[in-house]
Amino acid sequence: MISTEYSGRCVLRLILVAAASAMVLILAIAVDTAFAQSNRSGFADGVVAADGSLRVPEGFRERYLMLGAWAVAGDADTDGKLGLHVVYAPGDAVTAYRKTGRFPDGTVLVKELFNGKTEDLTTGQATSAADVAGYFVMVKDGEGRFSGNPLWGDGWGWSFFAAGETKMTQTKDYVTDCLGCHEPARATDLVYDYAYPVLRK
Ligand code: HEC
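Bear in mind that the values here come from a model prediction, so they are computed numbers and not experimental data.

Here we look at the pairing of strand β3 (residues 108–121)
In terms of strand pairing, strand β2 (residues 83–89) meets β3 through six bridges, oriented antiparallel. Opposite V86, over in β3, you have E112 as the bridge partner. Across 13 bridges, β3 lies against strand β4 (residues 124–140) in antiparallel orientation. Across the sheet, the residue bridging to L121 is G124, located in β4.

Below, the structure written as structure tokens:
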């Protein structure tokens, strides 16, 4: 009797685990399908789903150009360790920017955050990119495609992704999560473009 009850519970647990796994799988497929559908429209390198959610573009390190990098002084959050911010954009967006001084509609900007590894090398004290700490993504939208969506506004889509997570953003509202810090760059369409040598003529 006890053993029947025990094995009954085991089976129930197995069914629950299977159901939970199936739900995760279905959710993953739904997210993939949404991005695949938007990919067909050709807007923004398939980075934007039909509902306006953003993802980190696949393979951006190999496919995009590196615009430049920031060495960021450590603070309490990083135990005083230096960080590196590396910024990327598609090559055709760079070509367009060099001609017109603006990023065209659909431009994807990625800022990859790295924890820095600082060591004494033959050049002196040097810091290189160690593990990834997260990703910021911006997508240029000149048409106000997703008005009312809190990830979109002021001419861009905005999202932050934690390290190892390229689809589910942690950003709830770009006005509170992003905009204040980008206001100083308002004159250059909210992008700190002066720091990216490849954009200079
Ligand atoms: C604490 C201030 C701060 C917040 C919050 C912030 N940013 Fe930034 N962001 C900056 C600064 C300053 C730079 C350039 C210097 C750097 O990276 O250290 C930058 C650079 C970027 C870049 C590279 C392109 C550029 O503008 O130079 C992207 C992409 C980006 N941010 C996206 C976002 C998104 C998306 C959010 C919200 C989810 C966000 N940022 C929130 C301050 C901030």
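Quick notes on the sheet that holds strand β1 (residues 65–72)
The antiparallel open sheet is built from six strands, whose spatial order is β1-β2-β3-β4-β6-β5. A strand with exactly one partner marks an edge of an open sheet, and here the two such strands are β1 and β5 (152–153).

Quick word on the nonpolar core
Of all hydrophobic cores here, the largest spans 31 residues; its most connected members are V108, V110, V137 and V139. Of all the secondary structure elements, the ones that give two or more residues to this core are β2, α3 (91–100), β3, β4, β6 (156–162) and α4 (174–182). If one sorts the elements of this core by residue count, β4 sits on top with four residues. Aside from chain neighbours lying at most four places away, what touches V139 is A44, V47, V48, L54, V108, W156 and G157.

Some points on the pairing of β2
By the bridge criterion, seven bridges tie β1 to β2 in an arrangement that is antiparallel. Paired with G68 across the two strands is V87, which belongs to β2.

So, the site of the ligand
Lining the immediate surroundings of the ligand are 19 residues, of which F136, W158, C178, C181 and Y192 lie closest. Taken together, the elements giving at least two residues each to the shell around the ligand come down to β1, β2, β3, β4, β6 and α4. Per-element accounting of the shell around the ligand gives the leading share, four residues, to α4. Across the shell around the ligand, the residue classes break down as 13 nonpolar, four polar and two charged.

Some thoughts on the environment of D177
Looking at where D177 falls in the secondary structure, it is placed in helix α4. In this structure D177 comes out as partly exposed when scored by C-beta crowding, with 17 C-beta atoms within 10 Å. For the pair formed by D177 and L151, sequence separation is 26 residues and the distance between their alpha carbons is 9.4 Å.

Comments concerning the environment of Q170
Checked against the element boundaries, Q170 lands in the loop between β6 and α4. The exposed category is assigned to Q170, around which 11 C-beta atoms lie within 10 Å. A C-alpha to C-alpha distance of 5.8 Å links Q170 and F160, two positions 10 residues apart in sequence. Apart from the residues lying within four places of it in its own chain, the contact partners of Q170 are F160, F161 and A162.

Things to note about unusual backbone geometry
A positive phi is found at D154, a non-glycine position, where the angle reads about 55°. Relative to the helices and strands, D154 is located in the loop between β5 and β6. The exposure class assigned to D154 is partly exposed, which follows from the 15 C-beta atoms found within 10 Å. Positioned with a positive phi, D189 is a non-glycine residue whose angle comes to about 55°. The topology assignment puts D189 in the segment after α4.

So, how was this worked out
Residues numbered from 1 in each chain as written. Predicted model: local features only at pLDDT ≥ 70, side-chain atom pairs only at ≥ 80, totals over all residues. Pairing = 2+ DSSP bridges. Helix = DSSP H or I, 4+ residues; strand = E, 2+ residues; numbered from the N terminus. Core = buried A, V, L, I, M, F, W, Y, C linked by C-beta atoms within 7 Å. Buried ≥ 20, exposed ≤ 12 C-beta atoms within 10 Å, placed from the backbone. Contact = placed C-beta atoms within 7 Å. Near = placed C-beta within 6 Å. Nonpolar A, V, L, I, M, F, W, Y, C, P; charged D, E, K, R; others polar.

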